[in-house]
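Examination of the molecular architecture
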Amino acid sequence: MNSPSAPPIPFFTQASSFDRRWPQISGHLNALFDRGKYSHGRQVVELERMLAAYTGAEHVLAVNSGTDALVLLLRAAGVQRGDEVVVPAFSFAATATSVSLALAKPVFADIDPESYSLDPDSAEAAVTDRTTAIMPTHLFWQMADMTRIGQVAARRDLIMVEDSAESIGMRWDGTHAGLLGKGGVLSFFPTKTLGALGDAGAILTNDPDVAELAGILRHHGRMGRTTDHIAGISNLSGASGTNSKMDDIQACVLMGKLPHLDDDIARRAVLADAYTERLQGVPGVLRLPTLAKREVPADPVYYVYLIEVERRDELVEHLTRQGIGTEVYYPTPLHLQPCFADLGYRRGDFPNAEAACERAVALPFHHDLDEDTVDRVCDVIRTFYAGSRP
Ligand SMILES: *Cc1c(COP(=O)(O)O)cnc(C)c1O
């Protein structure tokens, strides 16, 4: 039984993993300080090379966040002002706000309840003659059904880009997430599987034109070293470039951590299995992470450990009182977010997305976690449901 005096269990911390990687990170930082040039320098280029080697992408563009990576990718891939882009109704806000920021219109579709990712049938039903792109999201530990979504994109002649912000390390028949269509993104937000010391992200693409345009857009719309800020390249929506470059400091941190990523991913799989073993059959727990049936089998890469439960909000409150942190991914479906109120969606439009928002909760999870802590969290959950049942 958990006692109130037990140490708190944060949802996320990375202090000890930073400690372990500090020798490598500080080596890169010292090299940066010694060079004395701190803008878009050698460290960013080096990181891009390392990420290209890790993912197999032909082009990697390091930027300042996963969100900016999405906006620049959509624009560089050819999405134009006023176009419709099909996105899932259950995801982080940036999946849809990036479409608005690219001056296009997000059109929502439901998710498949097992993978939490874009449902191919619902996505196809959302396509109109104004739709030019489709953006599946890969959430939590597995990818969307890229065989069937790829078929929808081909049938409807849509640009396919991937919100692969959470999916570093995930592969579809050997191809890294983000590289199945025109391109994808990575987020290095601190809680992500590969986290920086602050915001950072990247664009992945095998398309040289997308890479060139995204590179121009991330640097004020400047062509090479000239100071001409190009306005209207024919297939750029909106006129202006922006400043979305990654800081060299974040590149140093990520270069220090990337060589250990596969070990970290392996450790996360062990921890996820430990949770699953302990939560199997616990009354009140409705769904544990599973792998959706796919044509292409793939190992999970756990970014978060998320379960669905009865009386989710009460459980969260109970865990909080016991000093155990949780996160609700995601509390509000995107079609019901205030910023999309003018699009006219209603509750009931996407039942799978809405159900996930009501029942899902993510448990403490990071590669510094240990099995004893997993035990404690699971004990508290078991006790909560045992104590509250007739
Ligand atoms: C984290 C995340 C983003 C945004 O990345 P940032 O680096 O936080 O801007 C976009 N989409 C999804 C699915 C994410 O999880």
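Conventions we followed
Residues numbered from 1 in each chain as written. Predicted model: local features only at pLDDT ≥ 70, side-chain atom pairs only at ≥ 80, totals over all residues. Heavy atoms only, no water. Near = heavy atom within 4 Å. Polar contact = N/O pair within 3.5 Å; in protein donor to acceptor, adjacent residues only side chain to side chain. Areas by Shrake-Rupley, 256 points an atom, 1.4 Å probe, with all protein chains shown as cover. 1 Å grid on protein atoms, 1.4 Å probe; cavity = no way out; pocket = protein on both sides within 12 Å on 5 of 7 lines; lining within 4 Å. Sits in = over half its atoms within 2 Å of the grid points. Helix = DSSP H or I, 4+ residues; strand = E, 2+ residues; numbered from the N terminus. Nonpolar A, V, L, I, M, F, W, Y, C, P; charged D, E, K, R; others polar. Contact = heavy atoms within 4.5 Å. Buried < 20%, exposed > 50% of the residue type's maximum accessible area, 1.4 Å probe, protein only. Pairing = 2+ DSSP bridges. UniProt positions renumbered as here; feature names shortened; annotations may be inferred. Domains from an automatic or database assignment. Buried area = accessible area lost by both parts, 1.4 Å probe. Salt bridge = Lys/Arg side-chain N within 4 Å of Asp/Glu carboxyl O. Points joined across faces, edges and corners; volume = space filled by probe spheres on them. Axes fitted to C-alpha atoms, helices over the stretch in contact; angles between N-to-C directions.

You'll find the protein chain entered in an unreviewed UniProt entry as dTDP-4-amino-4,6-dideoxygalactose transaminase, with Actinocrispum wychmicini given as the organism.

Some words on the site of the ligand
Close to the ligand lie 17 residues, the nearest being Gly66, Thr67, Glu166, Ser187 and Lys192. Within the side chain of Thr67, an N or O atom sits 2.5 Å from an oxygen atom of the ligand. Within the side chain of Ser187, a nitrogen or oxygen atom sits 2.6 Å from an oxygen atom of the ligand. Expressed as a share of its isolated accessible area of 380 Å², the protein-covered part of the ligand is 94%. More than half of the atoms belonging to the ligand lie within 2 Å of the grid points that define the largest pocket. Secondary-structure elements contributing two or more residues to the shell around the ligand are helix 3 (66–76) and helix 4 (94–101). Considering each element in turn, the shell around the ligand owes the most residues, three residues, to helix 3. Considered class by class, the residues forming the shell around the ligand number seven nonpolar, seven polar and three charged.

Structural notes on the environment of Gly184
One can find Gly184 in strand 10 (residues 183–187). Along the backbone, Gly184 and Glu162 are 22 residues apart, and their C-alpha atoms lie at a distance of 4.6 Å. For Gly184, the contacting residues outside a window of four places in its chain are Leu73, Glu162, Ser164, Gly178, Ala202, Ile203 and Leu204.

Quick notes on the pairing of strand 14 (residues 360–363)
Burial along strand 14 is two-sided: Ala360 and Ala362 and Val361 and Leu363, pointing in opposite directions, are all buried. Across four bridges, the pairing between strand 13 (residues 305–309) and strand 14 is antiparallel. Bridge pairing in strand 14 links Ile307 to Val361.

Thoughts on the UniProt feature "modified residue: N6-(pyridoxal phosphate)lysine" (unreviewed entry) in the protein chain
The residues that UniProt annotates with the feature "modified residue: N6-(pyridoxal phosphate)lysine" (unreviewed entry) are Lys192. When you line up the elements, Lys192 lands in the loop between strand 10 and strand 11 (201–205). Among the residues examined, Lys192 registers a relative accessible area of 14% and is labelled buried. Those residues in contact with Lys192 that sit more than four places away from it in its chain are Ala165, Glu166, Ser187 and Tyr303.

A closer look at the environment of Asp264
Within the fold, Asp264 resides in helix 9 (residues 261–279). Between the C-alpha atom of Asp264 and that of Leu51, which follows or precedes it by 213 residues, the distance is 16 Å. Leave out the neighbours within four places in its chain, and Asp264 touches Arg21 and His367.

Brief notes about the domain arrangement of the protein chain
Split into domains, the protein chain comes out as domain 1 (16–257) and domain 2 (260–387). Relative placement of domain 1 and domain 2: their C-alpha centres are 25 Å apart. Counting residues at the interface gives 49 residues for domain 1 and 40 residues for domain 2. Overall, the association of domain 1 and domain 2 removes approximately 4,000 Å² of surface from exposure, summing both partners, and the carbon and sulfur fraction of that is 60%. It is Phe108, Trp141 and Thr193 that lose the most area in domain 1 upon contact with domain 2, and together they represent 20% of the buried surface on that side. Linking domain 1 to domain 2 there are three salt bridges. Two residues, Arg294 and Asp145, come together in a salt bridge whose shortest N-O distance is 3.9 Å. At the junction of domain 1 and domain 2, the tally comes to 23 residue pairs in polar contact (both at pLDDT 80 or more). Listed by contribution, the elements that provide at least two residues to the side of domain 1 that touches domain 2 are helix 1 (15–35), helix 4, strand 3 (105–109), strand 4 (111–112), strand 8 (171–172) and helix 8 (248–257). Here the residues of the side of domain 1 that touches domain 2 sort into 23 nonpolar, 14 polar and 12 charged.

A word on the environment of Ile265
Looking at the secondary structure, you find Ile265 in helix 9. For the pair Ile265 and Thr193, spaced 72 residues apart in sequence, the C-alpha separation works out to 7.6 Å.

A word on the layout of surface pockets
Within this model, the largest pocket holds a volume of roughly 430 Å³. Around the largest pocket, the lining is made up of 25 residues, and of these Phe92, Ser187, Phe189, Lys192 and Tyr303 lie nearest the centre. Put simply, the parts of the chain that give the lining of the largest pocket at least two residues each are helix 3 and helix 4. When residues in the lining of the largest pocket are grouped by element, the largest group, three residues, is from helix 3.

Details of the side chain of Gln250
Tracing the chain through its elements places Gln250 in helix 8. Apart from residues lying up to four places away in sequence, Gln250 is in contact with Ala196, Leu197, Gly198, Asp199 and Ala200.

Observations concerning the sheet that holds strand 2 (residues 84–88)
One open sheet accounts for seven strands, arranged 1-11-10-7-6-2-3; its pairing is mixed. Edge positions in the sheet fall to strand 1 (59–63) and strand 3, since each has one partner strand and no second. The sheet shows a mean angle of 25° between the axes of neighbouring strands, taken without regard to direction. Direction of pairing for strand 2 relative to strand 3: parallel, over a ladder of five bridges. Within the sheet, the bridge partner assigned to Val86 lies in strand 3 and is Val107. Against the sheet, helix 6 (residues 146–155) touches strand 6 (131–134) and strand 7 (159–162), its axis set at about 150° to strand 7.

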